[in-house]
Amino acid sequence: MSCFSFTEGGDIVQKITVFSIELGFHGKDLGGYPKDVEKEFIRYAHKRLMKIVNSDNIILMENTRATLLFTEELDNYNIHFKTGKIIKELEHKKYIVNGLEVHGKVNIGIAVNGQGKVLDNSEKALKEAIKDNKDYVLFRYKDELNYLEKVDLVQKAIQNKNLFVVYQPIINNRTKSIDYFEALVRMRDECGDIYGPEYFLEIAKKLKKYHDITILVLDDIIETVKQTKYRVNMNITYSDIENYKTRYYILSKLKTNKDIAHKIGFEITETEKIKKYEKVEKFIKDLRKTQSKILIDDFGKGYSNYERVMRLDIDIIKLDGELVKNMGSEKSEIIIKTLVELRDACGTQILAECVENADILTKVENMGIDLAQGYFIGKPVTREELHKFSDTYNIKQI
(Lines give C-alpha, C1' and ligand atoms only; values in the text may rest on other atoms or scores of the structure.)
Protein backbone atom coordinates (compact mmCIF):
# COMPACT_ATOMS: atom_id res chain seq x y z
CA MET A 1 0.00 0.00 0.00
CA SER A 2 1.62 3.27 -1.08
CA CYS A 3 0.87 6.38 0.97
CA PHE A 4 -0.07 9.68 -0.64
CA SER A 5 2.38 12.59 -0.58
CA PHE A 6 1.61 16.14 -1.71
CA THR A 7 4.37 18.02 -3.55
CA GLU A 8 4.56 21.79 -3.05
CA GLY A 9 7.56 23.69 -4.43
CA GLY A 10 9.70 20.55 -4.48
CA ASP A 11 9.05 19.72 -0.83
CA ILE A 12 6.97 16.68 0.10
CA VAL A 13 4.24 17.20 2.66
CA GLN A 14 3.06 13.88 4.12
CA LYS A 15 -0.11 15.25 5.70
CA ILE A 16 -2.61 17.55 4.02
CA THR A 17 -6.27 18.55 4.21
CA VAL A 18 -8.01 20.36 1.36
CA PHE A 19 -11.24 22.39 1.53
CA SER A 20 -12.89 23.18 -1.83
CA ILE A 21 -15.48 25.92 -1.33
CA GLU A 22 -18.30 27.17 -3.57
CA LEU A 23 -19.80 30.57 -2.71
CA GLY A 24 -23.41 31.54 -3.31
CA PHE A 25 -26.48 33.18 -1.77
CA HIS A 26 -29.33 31.68 0.23
CA GLY A 27 -32.50 31.79 -1.83
CA LYS A 28 -30.77 32.81 -5.05
CA ASP A 29 -27.95 31.58 -7.21
CA LEU A 30 -25.17 33.93 -8.14
CA GLY A 31 -26.52 35.80 -11.12
CA GLY A 32 -29.80 36.50 -9.31
CA TYR A 33 -28.48 39.66 -7.64
CA PRO A 34 -27.02 42.83 -9.16
CA LYS A 35 -23.40 42.42 -10.23
CA ASP A 36 -22.11 44.95 -7.68
CA VAL A 37 -23.75 42.95 -4.85
CA GLU A 38 -22.20 39.72 -6.08
CA LYS A 39 -18.73 41.26 -6.43
CA GLU A 40 -18.91 42.84 -3.00
CA PHE A 41 -20.00 39.56 -1.38
CA ILE A 42 -17.19 37.62 -3.10
CA ARG A 43 -14.65 40.25 -2.03
CA TYR A 44 -15.96 40.04 1.55
CA ALA A 45 -15.91 36.21 1.53
CA HIS A 46 -12.31 36.13 0.28
CA LYS A 47 -11.29 38.57 3.00
CA ARG A 48 -12.94 36.51 5.75
CA LEU A 49 -11.39 33.27 4.48
CA MET A 50 -7.94 34.88 4.57
CA LYS A 51 -8.43 35.51 8.30
CA ILE A 52 -9.46 31.89 8.95
CA VAL A 53 -6.35 30.45 7.26
CA ASN A 54 -3.06 31.16 9.05
CA SER A 55 0.26 31.87 7.33
CA ASP A 56 1.40 28.24 7.46
CA ASN A 57 -1.36 27.20 5.07
CA ILE A 58 -2.41 28.09 1.52
CA ILE A 59 -5.49 29.71 0.06
CA LEU A 60 -6.38 29.92 -3.63
CA MET A 61 -9.31 32.11 -4.66
CA GLU A 62 -10.95 32.77 -8.00
CA ASN A 63 -14.41 34.32 -8.35
CA THR A 64 -16.94 32.06 -6.52
CA ARG A 65 -14.39 29.32 -5.79
CA ALA A 66 -11.87 29.06 -2.98
CA THR A 67 -9.46 26.27 -2.09
CA LEU A 68 -7.89 26.02 1.35
CA LEU A 69 -4.86 23.76 1.81
CA PHE A 70 -3.91 22.89 5.38
CA THR A 71 -0.47 21.30 5.67
CA GLU A 72 -1.66 18.83 8.30
CA GLU A 73 -4.12 15.96 8.50
CA LEU A 74 -7.04 17.48 10.39
CA ASP A 75 -9.06 15.17 12.63
CA ASN A 76 -12.87 15.20 12.71
CA TYR A 77 -12.95 17.70 15.58
CA ASN A 78 -10.84 20.28 13.72
CA ILE A 79 -12.67 19.69 10.44
CA HIS A 80 -15.97 20.30 12.23
CA PHE A 81 -14.53 23.37 13.98
CA LYS A 82 -13.11 24.97 10.82
CA THR A 83 -16.18 24.31 8.68
CA GLY A 84 -18.33 25.71 11.47
CA LYS A 85 -16.21 28.84 11.53
CA ILE A 86 -16.49 29.31 7.75
CA ILE A 87 -20.26 28.77 7.82
CA LYS A 88 -20.66 31.17 10.75
CA GLU A 89 -18.69 33.87 8.95
CA LEU A 90 -20.31 33.52 5.54
CA GLU A 91 -23.84 32.22 6.21
CA HIS A 92 -24.96 33.22 9.68
CA LYS A 93 -23.97 36.88 9.55
CA LYS A 94 -26.30 39.42 7.98
CA TYR A 95 -24.70 41.23 5.08
CA ILE A 96 -26.00 44.47 3.56
CA VAL A 97 -24.78 46.04 0.32
CA ASN A 98 -26.41 48.97 -1.43
CA GLY A 99 -29.29 48.71 1.03
CA LEU A 100 -29.98 45.10 0.10
CA GLU A 101 -29.89 42.44 2.85
CA VAL A 102 -28.38 39.15 1.67
CA HIS A 103 -27.20 35.95 3.33
CA GLY A 104 -24.28 34.04 1.92
CA LYS A 105 -24.26 30.30 1.31
CA VAL A 106 -21.31 27.94 1.13
CA ASN A 107 -20.85 24.32 0.13
CA ILE A 108 -17.59 22.68 1.12
CA GLY A 109 -15.86 19.53 -0.12
CA ILE A 110 -13.07 18.19 2.08
CA ALA A 111 -10.39 15.59 1.41
CA VAL A 112 -7.91 14.30 3.98
CA ASN A 113 -4.57 12.68 3.10
CA GLY A 114 -4.97 9.13 1.71
CA GLN A 115 -4.02 7.78 -1.70
CA GLY A 116 -4.82 9.35 -5.04
CA LYS A 117 -5.24 13.01 -5.91
CA VAL A 118 -6.37 14.87 -2.83
CA LEU A 119 -7.39 17.98 -4.79
CA ASP A 120 -9.56 15.89 -7.12
CA ASN A 121 -11.08 14.14 -4.12
CA SER A 122 -12.04 17.44 -2.50
CA GLU A 123 -13.73 18.42 -5.78
CA LYS A 124 -15.68 15.13 -5.75
CA ALA A 125 -16.81 15.86 -2.21
CA LEU A 126 -17.82 19.42 -3.19
CA LYS A 127 -19.97 18.16 -6.07
CA GLU A 128 -21.75 15.82 -3.65
CA ALA A 129 -22.26 18.65 -1.14
CA ILE A 130 -23.81 20.86 -3.85
CA LYS A 131 -25.96 18.03 -5.23
CA ASP A 132 -27.31 17.03 -1.80
CA ASN A 133 -27.43 20.63 -0.50
CA LYS A 134 -25.12 19.85 2.42
CA ASP A 135 -22.90 22.33 4.23
CA TYR A 136 -19.94 20.03 3.74
CA VAL A 137 -19.00 16.52 2.65
CA LEU A 138 -15.84 14.78 3.83
CA PHE A 139 -14.09 12.49 1.35
CA ARG A 140 -11.56 9.92 2.47
CA TYR A 141 -9.72 7.56 0.19
CA LYS A 142 -11.11 4.58 2.10
CA ASP A 143 -14.59 5.51 0.83
CA GLU A 144 -13.54 4.48 -2.69
CA LEU A 145 -12.11 1.09 -1.75
CA ASN A 146 -14.15 -1.89 -2.84
CA TYR A 147 -15.25 -4.46 -0.26
CA LEU A 148 -12.33 -6.86 -0.77
CA GLU A 149 -9.83 -4.02 -0.43
CA LYS A 150 -11.52 -2.96 2.80
CA VAL A 151 -11.36 -6.54 4.11
CA ASP A 152 -7.65 -6.65 3.31
CA LEU A 153 -7.11 -3.33 5.09
CA VAL A 154 -8.92 -4.54 8.22
CA GLN A 155 -7.15 -7.93 8.21
CA LYS A 156 -3.74 -6.23 8.05
CA ALA A 157 -4.65 -3.84 10.87
CA ILE A 158 -5.76 -6.71 13.11
CA GLN A 159 -2.69 -8.82 12.26
CA ASN A 160 -0.34 -5.87 12.86
CA LYS A 161 -2.11 -4.93 16.10
CA ASN A 162 -3.09 -1.54 14.76
CA LEU A 163 -6.33 -1.32 16.72
CA PHE A 164 -6.26 0.99 19.73
CA VAL A 165 -8.58 2.54 22.32
CA VAL A 166 -9.38 6.21 22.90
CA TYR A 167 -11.41 7.76 25.72
CA GLN A 168 -14.04 10.52 25.57
CA PRO A 169 -15.16 12.38 28.72
CA ILE A 170 -18.73 12.44 30.06
CA ILE A 171 -19.52 15.36 32.36
CA ASN A 172 -22.07 15.72 35.13
CA ASN A 173 -24.17 18.77 34.20
CA ARG A 174 -24.77 19.63 37.84
CA THR A 175 -21.26 19.33 39.30
CA LYS A 176 -19.37 20.05 36.04
CA SER A 177 -16.98 17.21 36.86
CA ILE A 178 -16.11 14.27 34.63
CA ASP A 179 -18.05 11.30 35.98
CA TYR A 180 -17.03 8.77 33.30
CA PHE A 181 -15.05 8.21 30.13
CA GLU A 182 -16.37 6.17 27.22
CA ALA A 183 -13.89 3.78 25.61
CA LEU A 184 -13.97 3.84 21.80
CA VAL A 185 -11.98 1.64 19.43
CA ARG A 186 -10.06 2.98 16.43
CA MET A 187 -8.03 1.43 13.61
CA ARG A 188 -4.81 2.79 12.11
CA ASP A 189 -3.63 1.75 8.63
CA GLU A 190 -0.01 1.58 7.51
CA CYS A 191 -0.20 5.15 6.18
CA GLY A 192 -1.22 6.40 9.61
CA ASP A 193 -4.84 7.17 8.67
CA ILE A 194 -7.33 6.64 11.51
CA TYR A 195 -10.68 4.85 11.02
CA GLY A 196 -13.77 4.85 13.22
CA PRO A 197 -15.63 1.66 14.21
CA GLU A 198 -18.33 2.20 11.58
CA TYR A 199 -15.67 1.36 9.00
CA PHE A 200 -14.26 -1.90 10.35
CA LEU A 201 -16.51 -3.53 13.00
CA GLU A 202 -18.92 -5.19 10.57
CA ILE A 203 -15.99 -6.52 8.56
CA ALA A 204 -14.38 -7.79 11.79
CA LYS A 205 -17.60 -9.69 12.56
CA LYS A 206 -17.49 -11.40 9.17
CA LEU A 207 -13.81 -12.25 9.75
CA LYS A 208 -14.77 -13.81 13.13
CA LYS A 209 -12.53 -11.25 14.87
CA TYR A 210 -15.15 -9.23 16.72
CA HIS A 211 -14.59 -11.18 19.94
CA ASP A 212 -10.87 -10.28 19.78
CA ILE A 213 -11.74 -6.58 19.54
CA THR A 214 -14.03 -6.75 22.59
CA ILE A 215 -11.21 -8.42 24.55
CA LEU A 216 -8.72 -5.77 23.38
CA VAL A 217 -11.00 -2.96 24.55
CA LEU A 218 -11.75 -4.52 27.95
CA ASP A 219 -8.07 -5.26 28.61
CA ASP A 220 -7.14 -1.68 27.73
CA ILE A 221 -9.89 -0.33 30.00
CA ILE A 222 -8.71 -2.45 32.94
CA GLU A 223 -5.17 -1.13 32.52
CA THR A 224 -6.47 2.45 32.21
CA VAL A 225 -8.60 2.18 35.34
CA LYS A 226 -5.68 0.69 37.27
CA GLN A 227 -3.39 3.54 36.23
CA THR A 228 -5.80 6.47 36.53
CA LYS A 229 -8.57 5.32 38.95
CA TYR A 230 -11.07 6.87 36.48
CA ARG A 231 -14.46 5.32 35.72
CA VAL A 232 -14.81 3.99 32.16
CA ASN A 233 -17.73 2.62 30.12
CA MET A 234 -17.40 0.24 27.18
CA ASN A 235 -19.82 -0.74 24.43
CA ILE A 236 -21.14 -4.28 24.19
CA THR A 237 -23.59 -5.60 21.63
CA TYR A 238 -26.25 -8.28 21.85
CA SER A 239 -23.89 -10.53 19.87
CA ASP A 240 -21.29 -10.07 22.65
CA ILE A 241 -23.87 -11.19 25.21
CA GLU A 242 -24.95 -14.13 23.04
CA ASN A 243 -21.35 -15.30 22.60
CA TYR A 244 -20.50 -17.56 25.55
CA LYS A 245 -16.74 -17.05 25.09
CA THR A 246 -17.08 -13.24 25.20
CA ARG A 247 -19.53 -13.32 28.09
CA TYR A 248 -17.30 -15.63 30.12
CA TYR A 249 -14.20 -13.51 29.43
CA ILE A 250 -15.89 -10.29 30.60
CA LEU A 251 -17.23 -11.81 33.82
CA SER A 252 -13.99 -13.63 34.65
CA LYS A 253 -11.90 -10.46 34.12
CA LEU A 254 -14.24 -8.50 36.39
CA LYS A 255 -13.95 -11.16 39.09
CA THR A 256 -10.16 -11.22 38.76
CA ASN A 257 -10.10 -7.41 39.07
CA LYS A 258 -12.89 -7.09 41.63
CA ASP A 259 -11.21 -4.11 43.34
CA ILE A 260 -11.82 -1.95 40.22
CA ALA A 261 -14.80 -3.76 38.59
CA HIS A 262 -17.27 -1.20 39.96
CA LYS A 263 -15.47 1.47 37.91
CA ILE A 264 -16.22 -0.29 34.60
CA GLY A 265 -19.63 0.28 33.00
CA PHE A 266 -21.23 -1.55 30.10
CA GLU A 267 -23.22 0.29 27.43
CA ILE A 268 -25.56 -2.09 25.60
CA THR A 269 -25.79 -1.05 21.94
CA GLU A 270 -28.01 -2.25 19.09
CA THR A 271 -30.80 -3.08 21.57
CA GLU A 272 -33.26 -3.39 18.70
CA LYS A 273 -31.48 -6.68 17.82
CA ILE A 274 -32.21 -8.29 21.19
CA LYS A 275 -34.11 -11.54 20.64
CA LYS A 276 -33.83 -13.21 24.03
CA TYR A 277 -34.32 -10.71 26.83
CA GLU A 278 -33.84 -13.46 29.41
CA LYS A 279 -30.22 -13.87 28.32
CA VAL A 280 -29.57 -10.12 28.56
CA GLU A 281 -31.31 -9.91 31.95
CA LYS A 282 -29.19 -12.79 33.28
CA PHE A 283 -25.98 -11.12 32.03
CA ILE A 284 -26.97 -7.82 33.68
CA LYS A 285 -27.61 -9.67 36.97
CA ASP A 286 -24.13 -11.20 36.74
CA LEU A 287 -22.62 -7.75 36.10
CA ARG A 288 -24.52 -6.37 39.10
CA LYS A 289 -22.59 -8.77 41.34
CA THR A 290 -19.46 -6.78 40.47
CA GLN A 291 -21.29 -3.44 40.98
CA SER A 292 -20.76 -2.46 37.34
CA LYS A 293 -22.97 0.28 35.88
CA ILE A 294 -25.33 -0.58 33.00
CA LEU A 295 -26.18 1.84 30.18
CA ILE A 296 -28.56 1.54 27.24
CA ASP A 297 -27.56 3.27 24.00
CA ASP A 298 -29.49 5.24 21.36
CA PHE A 299 -32.71 5.79 23.29
CA GLY A 300 -35.24 7.48 21.01
CA LYS A 301 -33.89 5.94 17.83
CA GLY A 302 -37.10 5.03 16.08
CA TYR A 303 -38.94 6.28 19.17
CA SER A 304 -39.74 2.70 20.16
CA ASN A 305 -37.49 1.50 23.00
CA TYR A 306 -39.39 2.43 26.19
CA GLU A 307 -40.00 -1.32 26.67
CA ARG A 308 -36.26 -1.97 26.78
CA VAL A 309 -35.77 0.64 29.49
CA MET A 310 -38.64 -0.72 31.59
CA ARG A 311 -37.60 -4.34 31.16
CA LEU A 312 -33.85 -4.07 31.71
CA ASP A 313 -32.18 -2.99 34.96
CA ILE A 314 -30.51 0.19 33.66
CA ASP A 315 -28.48 2.88 35.47
CA ILE A 316 -28.00 5.34 32.59
CA ILE A 317 -30.07 5.97 29.45
CA LYS A 318 -28.13 7.49 26.55
CA LEU A 319 -30.21 9.59 24.17
CA ASP A 320 -29.85 9.01 20.44
CA GLY A 321 -27.60 11.65 18.87
CA GLU A 322 -30.24 12.78 16.36
CA LEU A 323 -32.68 13.36 19.22
CA VAL A 324 -30.11 15.63 20.89
CA LYS A 325 -29.30 17.54 17.69
CA ASN A 326 -33.03 18.17 17.10
CA MET A 327 -33.71 19.16 20.69
CA GLY A 328 -35.56 22.31 19.63
CA SER A 329 -38.23 20.31 17.81
CA GLU A 330 -41.58 19.53 19.44
CA LYS A 331 -41.17 15.76 18.97
CA SER A 332 -37.75 15.65 20.62
CA GLU A 333 -38.86 17.76 23.56
CA ILE A 334 -41.94 15.58 24.21
CA ILE A 335 -39.80 12.41 24.19
CA ILE A 336 -37.14 13.93 26.46
CA LYS A 337 -39.69 15.36 28.93
CA THR A 338 -41.38 11.95 29.14
CA LEU A 339 -38.00 10.33 29.71
CA VAL A 340 -37.14 12.81 32.48
CA GLU A 341 -40.39 11.83 34.24
CA LEU A 342 -39.47 8.16 33.75
CA ARG A 343 -36.01 8.85 35.18
CA ASP A 344 -37.48 10.45 38.31
CA ALA A 345 -39.70 7.41 38.82
CA CYS A 346 -37.00 4.78 38.14
CA GLY A 347 -33.92 6.48 39.60
CA THR A 348 -31.88 6.33 36.38
CA GLN A 349 -29.67 9.03 34.86
CA ILE A 350 -29.95 10.47 31.33
CA LEU A 351 -26.91 11.03 29.11
CA ALA A 352 -26.95 13.26 26.02
CA GLU A 353 -24.36 12.45 23.36
CA CYS A 354 -23.42 14.60 20.33
CA VAL A 355 -23.10 17.78 22.41
CA GLU A 356 -21.14 19.68 19.76
CA ASN A 357 -21.53 23.30 20.87
CA ALA A 358 -22.49 25.57 23.76
CA ASP A 359 -26.05 26.04 22.49
CA ILE A 360 -26.76 22.28 22.62
CA LEU A 361 -25.19 22.02 26.07
CA THR A 362 -27.43 24.83 27.36
CA LYS A 363 -30.53 23.08 25.99
CA VAL A 364 -29.40 19.80 27.54
CA GLU A 365 -28.96 21.47 30.94
CA ASN A 366 -32.30 23.29 30.70
CA MET A 367 -34.09 20.01 29.92
CA GLY A 368 -32.78 18.53 33.18
CA ILE A 369 -30.47 15.97 31.53
CA ASP A 370 -27.88 14.63 33.97
CA LEU A 371 -24.83 13.89 31.81
CA ALA A 372 -23.33 15.24 28.56
CA GLN A 373 -20.83 13.91 26.04
CA GLY A 374 -19.55 15.29 22.74
CA TYR A 375 -16.76 17.17 21.02
CA PHE A 376 -17.70 20.40 22.81
CA ILE A 377 -17.01 18.64 26.12
CA GLY A 378 -13.88 16.92 24.86
CA LYS A 379 -12.70 14.86 21.91
CA PRO A 380 -11.52 11.25 22.38
CA VAL A 381 -7.87 10.90 23.44
CA THR A 382 -5.46 8.09 24.21
CA ARG A 383 -4.80 6.90 27.75
CA GLU A 384 -1.55 8.88 27.80
CA GLU A 385 -3.45 12.11 27.09
CA LEU A 386 -6.20 11.70 29.71
CA HIS A 387 -4.35 13.88 32.21
CA LYS A 388 -5.07 16.93 30.00
CA PHE A 389 -8.72 16.94 31.11
CA SER A 390 -7.72 17.56 34.74
CA ASP A 391 -6.72 21.12 33.72
CA THR A 392 -10.39 21.87 32.89
CA TYR A 393 -12.46 19.47 35.01
CA ASN A 394 -12.45 17.66 38.29
CA ILE A 395 -12.41 13.94 37.48
CA LYS A 396 -14.44 11.56 39.63
CA GLN A 397 -12.40 8.62 40.92
CA ILE A 398 -14.73 7.06 43.51
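The structure contained in this document is the topic of the report that follows. Here the structure is a predicted model, which means the values were calculated and not measured. Every chain begins its residue count from 1, and numbering advances along the sequence as written. Side-chain atom pairs in this predicted model are given and counted only at pLDDT of 80 or more, local residue features only at pLDDT of at least 70, and totals for whole chains, interfaces and linings cover all residues. Side-chain metrics rest on all non-hydrogen atoms present in the structure, leaving aside hydrogens and water.

### Concerning the overall build of the chain
Moving on, step 1. A run of H or I in DSSP counts as a helix once it spans at least four residues, and a run of E counts as a strand once it spans at least two, with each numbered from the N terminus. Scanning the chain for helices and strands turns up 13 helices and 18 strands.
Moving on, step 2. Partly exposed describes any residue whose relative accessible area lies between the buried limit of under 20% and the exposed limit of over 50%, with all areas from a 1.4 Å probe on protein chains only and scaled to the type maximum. In the chain, which comprises 398 residues, the proportion classed as buried is 51%.
Moving on, step 3. The long-range share in the chain, meaning contacts at least 24 apart out of those at least 6 apart in sequence, stands at 65%.
Moving on, step 4. About 20,000 Å² of surface is accessible on the chain, with carbon and sulfur atoms providing 49% of the total. The criterion used for residue contact is that any of the two residues' heavy atoms lie within 4.5 Å. Accessible surface is estimated by sampling points in the Shrake-Rupley manner with a 1.4 Å probe; for residues, cover comes only from the protein chains shown.

### Brief notes about the pattern of salt bridges
Moving on, step 1. The rule for a salt bridge is simple: a side-chain nitrogen of Lys or Arg has to be within 4 Å of a carboxyl oxygen of Asp or Glu. Counting across every chain of the model gives 24 salt bridges.
Moving on, step 2. Among the salt bridges present, the one from lysine 289 reaches aspartate 286, with a minimum N-O distance of 3.5 Å.
Moving on, step 3. Owing to a relative accessible area of 68%, lysine 289 belongs among the exposed residues under this scheme.
Moving on, step 4. Judged by its relative accessible area of 14%, aspartate 286 is buried.
Moving on, step 5. Of the charged contacts in the structure, one is a salt bridge between lysine 388 and glutamate 385, with a shortest N-O distance of 3.3 Å.
Moving on, step 6. A residue is classified by how much of its surface remains accessible, and glutamate 385, at 28% relative accessible area, is partly exposed.
Moving on, step 7. One continuous salt-bridge network, built from bridges that share partners, spans Glu182, Glu267, Lys318 and Glu353.

### A word on the environment of arginine 343
Moving on, step 1. Mapping arginine 343 onto the fold places it in helix 12 (residues 330-346).
Moving on, step 2. The buried category is assigned to arginine 343, whose relative accessible area is 12%.
Moving on, step 3. C-alpha separation for the pair arginine 343 and isoleucine 369, spaced 26 residues apart in sequence, amounts to 9.7 Å.
Moving on, step 4. Among residues more than four places away in sequence, those in contact with arginine 343 are Thr348, Gln349, Ile350, Gly368 and Asp370.

### Some remarks on the sheet that holds strand 4 (residues 58-62)
Moving on, step 1. A pair of strands is considered paired only if DSSP assigns at least 2 bridges between the two. The five strands are arranged 4-5-3-8-9 in an open sheet whose pairing can be described as mixed. Edge strands, defined here as strands with exactly one partner in the open sheet, are strand 4 and strand 9 (136-139). Mean inter-strand twist for the sheet, computed between neighbouring axes without regard to direction, equals 15°.
Moving on, step 2. Note on definitions: angles span 0 to 180 degrees between N-to-C directions of axes, and those axes are lines fitted to C-alpha atoms, for helices only across the stretch in contact. On top of the sheet, helix 2 (residues 76-90) reaches strand 3 (17-25), strand 5 (65-70), strand 8 (104-112) and strand 9; it is set at about 160° to strand 8, its chief contact.

### Let's talk about the packing of aromatic side chains
Moving on, step 1. What counts as a ring pair is set by centres within 6.5 Å for rings of Phe, Tyr and Trp (its six-membered ring), and what kind of pair is set by the plane angle: stacked under 30 degrees, edge-to-face over 60, tilted for all other angles. As enumerated under the stated definition, the model contains five aromatic pairs in all.
Moving on, step 2. With 4.8 Å between their ring centres and 35° between their planes, tyrosine 195 and tyrosine 199 make a pair best called tilted. Here tyrosine 195 matches tyrosine 199 in class, with each residue buried.
Moving on, step 3. Judged by centre distance (6.0 Å) and plane angle (25°), the rings of tyrosine 244 and tyrosine 248 are stacked. With tyrosine 244 and tyrosine 248 both in helix 8 (residues 244-256) and four residues apart, the pair spans about one turn of that helix.
Moving on, step 4. Taking relative accessible area as the criterion, tyrosine 248 reaches 52% and is therefore assigned exposed.
Moving on, step 5. One aromatic cluster is present, built from ring pairs that chain together Phe181, Tyr230 and Phe389.
Moving on, step 6. Only Lys NZ and Arg CZ are tested; either one counts as a charge over a ring when it is within 6 Å of the ring centre and within 35 degrees of the ring normal. Here the basic side chain of arginine 188 rests over the ring of phenylalanine 164, its NZ or CZ set 4.4 Å away from the ring centre.
Moving on, step 7. Its end group placed over the ring of tyrosine 210, lysine 205 keeps NZ or CZ at 5.0 Å from the ring centre.

### Re helix 2
Moving on, step 1. Given a helix with a known number of residues, its expected span is that number minus one, times 1.5 Å. In a regular helix each residue adds 1.5 Å, so 15 residues correspond to 21 Å; helix 2 covers 21 Å between its end C-alpha atoms and thus fits that length.
Moving on, step 2. Every buried residue of helix 2 is accounted for by Ile79, Lys82, Thr83, Ile86, Ile87, Glu89 and Leu90. All buried residues of helix 2 fall inside an arc of 165° around its axis, so they share one side.
Moving on, step 3. Here the buried face of helix 2 lies against strand 3, helix 1 (35-52), strand 5, strand 8 and strand 9. Summarising the geometry, the arc corresponds to the directions from the helix axis toward the C-beta atoms.

### Quick notes on the environment of isoleucine 178
Moving on, step 1. Mapped onto the elements of the fold, isoleucine 178 is located in strand 11 (residues 178-188).
Moving on, step 2. Note on isoleucine 178: relative accessible area 0%, which makes it buried.
Moving on, step 3. Isoleucine 178 sits 218 residues away from lysine 396 along the chain, and the two C-alpha atoms are 5.9 Å apart.

### Brief notes about unusual backbone geometry
Moving on, step 1. A positive phi is found at glutamate 270, a non-glycine position, where the angle reads about 55°.
Moving on, step 2. We classify glutamate 270 as partly exposed; its relative accessible area is 23%.
Moving on, step 3. Its identity is not glycine, yet cysteine 354 carries a phi of approximately 60°, on the positive side.
Moving on, step 4. Relative to the helices and strands, cysteine 354 resides in the loop between strand 17 (349-352) and helix 13 (358-366).

That's the geometry; what it means functionally is another story.
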